[in-house]
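An overview of the molecular structure
So the chains spell out like this:
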Amino acid sequence: QRTDTPLLQTENLVKRFGQFTATDRVDLTIERGEFRSVIGPNGAGKTTLFNLITGALPVTAGAIYFDGADITALSPSARVRRGIGRSFQISNVFGGLTVRENVRLAIQSVARDEYTAVESLFKPTDRYDELNDRTEAILDRIGLAHVAAEQANALAYGDKRRLEIGVVLATDPELVLFDEPTAGMSVEETRETIDLLEAVLVDQTLLLIEHDIELVMELSDRITVLNGGQILAEGTPAEIAANQDVQNAYLGG
Ligand code: ADP
């Protein structure tokens, strides 16, 4: 792992949908270990930016570097294997599978070449022991070991959130992107979810889209404000709170 380069860097990133420019020459730099939030009004281009970073959408122009390597042309799954994780809320979890099966499947999805059928012919026990150990370690980490054999569908609300985070963690990400993980939650559920993210994802760099400004101000190391597809401002919570452009464009004066 290189430490002299930023973890993530976008260079002059552009995304157009027909004539419409959703991402407009975005230069974003995320340092290792950062908790970065992306805010901005509806339609500012937050989700589009995430989709470009994960590879869900191809770029129109510009480049994306991860760990110093150009990943602009890589598939979404190749980016996951490089260490870019993304929480898709509930769609990451298979309701009909058990909690344990969900975690195990997520580990296998990125470790495909580590656990090939051919290799398991030669060293079956080692490989499967290792896979099992990693699965149990994640179940412990997210506090779901006691419900590991239960079907994901049957979990209580908070435990489902835990499993979603576990599924992301299972892909062993360096960077995790969360698109409004607390959307639709009560104040209490929001608090619990954020506390959980912070407790579980201690080794990860986090990139969060969040509409709750109070929460963003409290949690973030730095904040990027998007407006009309462009970066309007960037800085610490205190800098953003004091920024007149931000107040005018986003916080309503
Ligand atoms: P945000 O997440 O900040 O609310 P989005 O990234 O979802 O903003 O959207 C930015 C703009 O791009 C919006 O005006 C939206 O209508 C437009 N947009 C997003 N996805 C598409 C698409 N697939 N086709 C056409 N326009 C899109």
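Computed from a prediction, not measured in an experiment: that's the story for all the values here.

The subject of this paragraph is the domain arrangement of the protein chain. As far as domains go, the protein chain holds domain 1 (1-83 + 173-253) and domain 2 (94-170). One C-alpha centre belongs to domain 1, the other to domain 2; they are set 27 Å apart. Contacts between the two partners involve nine residues from domain 1, matched on the other side by nine residues from domain 2. For the side of domain 1 that touches domain 2, the elements supplying multiple residues, two or more each, are α2 (76-82) and α7 (187-200). With five residues, the single largest contributor to the side of domain 1 that touches domain 2 is α7.

Near the ligand you find F17, F20, A22, G40, N42, G43, A44, G45, K46, T47 and T48, and these make up its full shell. Every element with two or more residues in the shell around the ligand is listed here: β2 (20-30) and α1 (46-54). Ranked by residues supplied to the shell around the ligand, first place goes to α1 with three residues. Class assignment of the residues belonging to the shell around the ligand gives a composition of four nonpolar, six polar and one charged.

This part covers the confidence of the model for the protein chain. Taken residue by residue, the protein chain gives an average pLDDT of 89. The fraction at 70 or more is 90%. Overall fold confidence (pTM) sits at 0.88, and the ipTM for the predicted complex is 0.98.

As paired elements, strand β9 (residues 222-227) and strand β10 (residues 230-235) share five bridges and run antiparallel to each other. Bridging across to β10, V225 finds its partner in A233. Adjacent in sequence and paired antiparallel, β9 and β10 are bridged by two residues, among which G228 carries a positive phi angle near 55°.

This part covers the packing of helix α3 (residues 99-110) against helix α6 (residues 157-169). Relative orientation of the contacting elements α3 and α6 amounts to 25°, with a least axis distance of 8 Å. Judged on the interaxial angle alone, α6 and α3 are roughly parallel. When the axes of α3 and α6 are compared, the crossing they make is right-handed. Residue-level inspection shows V99, N102, V103 and A106 of α3 in contact with α6, the latter providing L163, G166 and V167.

What the six strands build is an open sheet, ordered β6-β7-β8-β3-β9-β10; its pairing is mixed. Looking at strand neighbours, the two that pair on one side only are β6 (84-87) and β10, the edges of this open sheet. Strand-to-strand twist of the sheet, defined as the mean angle between neighbouring strand axes without regard to direction, takes the value 20°. The sheet contact formed by strand β3 (residues 35-39) and β9 spans four bridges and is parallel. Looking at β9, one finds that R36 is bridged to R222. Here α1 sits on the sheet and contacts β3, β6, β7 (175-179), β8 (205-209) and β9; the angle it forms with β7, its principal contact strand, is near 150°.

Procedures and definitions
Residues numbered from 1 in each chain as written. Predicted model: local features only at pLDDT ≥ 70, side-chain atom pairs only at ≥ 80, totals over all residues. Domains from an automatic or database assignment. Contact = placed C-beta atoms within 7 Å. Helix = DSSP H or I, 4+ residues; strand = E, 2+ residues; numbered from the N terminus. Near = placed C-beta within 6 Å. Nonpolar A, V, L, I, M, F, W, Y, C, P; charged D, E, K, R; others polar. pLDDT = per-residue confidence, 0-100. Pairing = 2+ DSSP bridges. Axes fitted to C-alpha atoms, helices over the stretch in contact; angles between N-to-C directions. Parallel < 35°, antiparallel > 145°, perpendicular 65-115°, else oblique. Left-handed = near helix turned anticlockwise from the far one by under 90°.

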